[in-house]
Amino acid sequence: RVVGLGDSYGSGEGADDTCGTAAGWQDRNCHRAANAAQARAALAIERADDQSAVTFLHLACSGATIDEGLLGVYPEPPGKQAVPAQVVEAAQLTAGWQIDALFLSIGGNDIEFSPVIKACGVFDDCATVTRRVDDPLCEALASFVRLRCNETETGRPLHDEVQEALTELPARYASVADCLSGSGQCSYNGQTLAGLGVDPSHVIQITYPDISTRPAPNNPRRLRSPDGFGYCSGALRPPFVSGIAEEEFQWAREVVQQGKAGTTFEFRPRRRPGTTLAITADGLNTTITSNRSRHGWTIVEESFANSRGHGYCAPERWVTQIIDSFIGQGDEFGTFHPNIPGQISIGNALTEAAARVLSQ
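The structure displayed is predicted, hence computed values, not measured ones.

Asks: What is the right way to look at the side chain of Thr213 in this model?
Replies: Tracing the sequence through the fold places Thr213 in the loop between strand 8 (203–206) and strand 9 (214–216). With a relative accessible area of 1%, Thr213 lands in the buried category.

Asks: It is not clear to me how helix 11 (residues 340–358) should be interpreted in this structure. Could you clarify?
Replies: It helps to recall that an α-helix has 3.6 residues per turn; residues three or four apart then point in one direction. Here helix 11 is 19 residues long and its end C-alpha atoms lie 26 Å apart, about the 27 Å a rise of 1.5 Å per residue gives. Buried within helix 11 we find Gly342, Gln343, Ser345, Ile346, Gly347, Ala349, Leu350, Thr351, Ala353, Ala354 and Val357. The inward-facing, buried residues of helix 11 contact helix 2 (37–47), strand 5 (101–105), strand 8, strand 13 (298–300) and helix 9 (302–305). Put simply, Asn339 is the residue that caps the front of helix 11, since its side-chain oxygen is 3.0 Å from the backbone nitrogen of Gly342.

Asks: I'm lost on the nonpolar core in this one. Help?
Replies: It is characteristic of soluble globular proteins that their nonpolar side chains tend to be buried jointly. Core analysis: the biggest nonpolar cluster contains 80 residues, and Leu5, Leu102, Leu104, Leu180, Leu196 and Trp251 have the highest contact counts within it. In terms of residues, this core owes the most to one element, helix 6 (residues 158–181), which gives ten residues.

Asks: Sorry if this is basic, but what is going on with empty space enclosed by the protein here?
Replies: Gaps between atoms show up when a probe of the same size as a water molecule is rolled over them. One pass over the structure, following the stated rule, counts three cavities of 30 Å³ or more. Taken as a whole, the largest cavity spans an internal volume of roughly 70 Å³. Lining the largest cavity are Pro209, Asp210, Ile211, Ser303, Ser307, Trp318, Val319, His337, Pro338, Gly342, Ser345 and Ile346. Looking at the lining of the largest cavity element by element, the count peaks at three residues for helix 11. Per-class residue counts for the lining of the largest cavity are six nonpolar, five polar and one charged.

Asks: How should I be thinking about the sheet that holds strand 5 in this particular structure?
Replies: Adjacent strands of a sheet form backbone hydrogen bonds with each other and so pair up, either parallel or antiparallel. An order of 4-1-5-8-13 is seen for the five strands of this open sheet, with the pairing classed as parallel. Strands at the two margins of the open sheet, each flanked by one partner only, are strand 4 (56–58) and strand 13. Strand after strand, the sheet turns through a mean of 20° between neighbouring axes, direction not considered. Sheet topology note: the strand 1 (residues 2–6)/strand 4 ladder contains three bridges and is parallel. Note on strand 4: the bridge partner recorded for Val3 is Leu57. Sheet strands touched by helix 2: strand 1, strand 4 and strand 5. Its angle to strand 5, the strand with the most contacts, is close to 160°. Across the sheet, helix 11 is in contact with strand 5, strand 8 and strand 13; its angle to strand 8 comes to roughly 155°.

Asks: Teacher, can you tell me more about the packing of aromatic side chains here?
Replies: Working definition: an aromatic ring pair is given by the centre-to-centre distance plus the angle between the planes. If you walk through the whole model with that rule in mind, you get four aromatic pairs. Ring centres of Tyr173 and Trp297 lie 6.3 Å apart, and the angle between their planes is 80°; this geometry places the pair in the edge-to-face category. With Tyr173 in helix 6 and Trp297 in the loop between helix 8 (284–295) and strand 13, this pair connects stretches of sequence that are 124 residues apart. The buried category is assigned to Trp297, whose relative accessible area is 3%. These aromatic residues form a ring-pair network of at least three members: Phe249, Tyr312 and Phe336. One Lys or Arg, Arg1, reaches over the ring of Trp97 and ends 4.9 Å from the middle of that ring.

Rules used in this analysis
Residues numbered from 1 in each chain as written. Predicted model: local features only at pLDDT ≥ 70, side-chain atom pairs only at ≥ 80, totals over all residues. Heavy atoms only, no water. Helix = DSSP H or I, 4+ residues; strand = E, 2+ residues; numbered from the N terminus. Buried < 20%, exposed > 50% of the residue type's maximum accessible area, 1.4 Å probe, protein only. Expected span 1.5 Å × (residues − 1). Contact = heavy atoms within 4.5 Å. Polar contact = N/O pair within 3.5 Å; in protein donor to acceptor, adjacent residues only side chain to side chain. Core = buried A, V, L, I, M, F, W, Y, C linked by side-chain atoms within 4.5 Å. 1 Å grid on protein atoms, 1.4 Å probe; cavity = no way out; pocket = protein on both sides within 12 Å on 5 of 7 lines; lining within 4 Å. Points joined across faces, edges and corners; volume = space filled by probe spheres on them. Nonpolar A, V, L, I, M, F, W, Y, C, P; charged D, E, K, R; others polar. Pairing = 2+ DSSP bridges. Axes fitted to C-alpha atoms, helices over the stretch in contact; angles between N-to-C directions. Phe/Tyr/Trp six-rings, centres within 6.5 Å; stacked < 30°, edge-to-face > 60°. Lys NZ or Arg CZ within 6 Å of the ring centre and 35° of its normal.

Below, the structure is given as structure tokens:
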């Protein structure tokens, strides 16, 4: 019995391919796809043993956070129909069952990674610029990607906002651990919830893949951030003035994803003086990796490591571009999510991790 929980990287956002050979959404409200890495891993586990059958509950929902989606009701998924908390639904559907493996992808929306990407697409030097509320540039471009300008305009540097959100993430994961393992008090918003009772080592969490790097043209073994006239070709550009510049991709990867508290990052924009940024909190993937020692979870670090060099503008990309998303699924939500090759890679890594766990 396998349960899949989490956000868009668990649901399969970006891998619906109604224009191709795939079946399309399994659940349009949450953008759950049969191509999702979690679903692929569950199927691979079943096919690996003729004597076993796998029951897979695919509950991940695009856009979910820990508070809205995992532990609490998710009021507005892509399909606009509210869905119950995934932990609550999983407890109801598995009542009396032992959950043998639980796939988890969560945390990206808790640090507002989508608004980070949107802000970097709209604003030059997005990590350090003070973004004004009601900025006319954002308002002029908002309808192009259905961007809500209050997502990106706060009057504060984006780096400071992200560090604050990352500081809060370990405590959020601790609340999740209490509910998944059943070893603590599972509660949300003052209500006691039923824990799932999963063996901590059978909680298998992925790190978020590298969406940025590509092989350097003159040395395929050397990875670099995307470029093309100084910018990633097609990365939310045109009509944006800036697009996402190489140094902005580098900041998102080395600080937001892979940062280590107590270090610094040299942010070197092309049009302004450089800045030394203090990293005061571990990055998203760094925090996820620490869940191995903090909570006993199995962490799939290969989902980041294997994706290096297959970013948004790589020749062999594992990332859905904005035009792919509009053509393949009819909206912008799939942008910067794993495409089918990316889902296959993550699915293989999940399968290998689950095989190790289930054989113990």
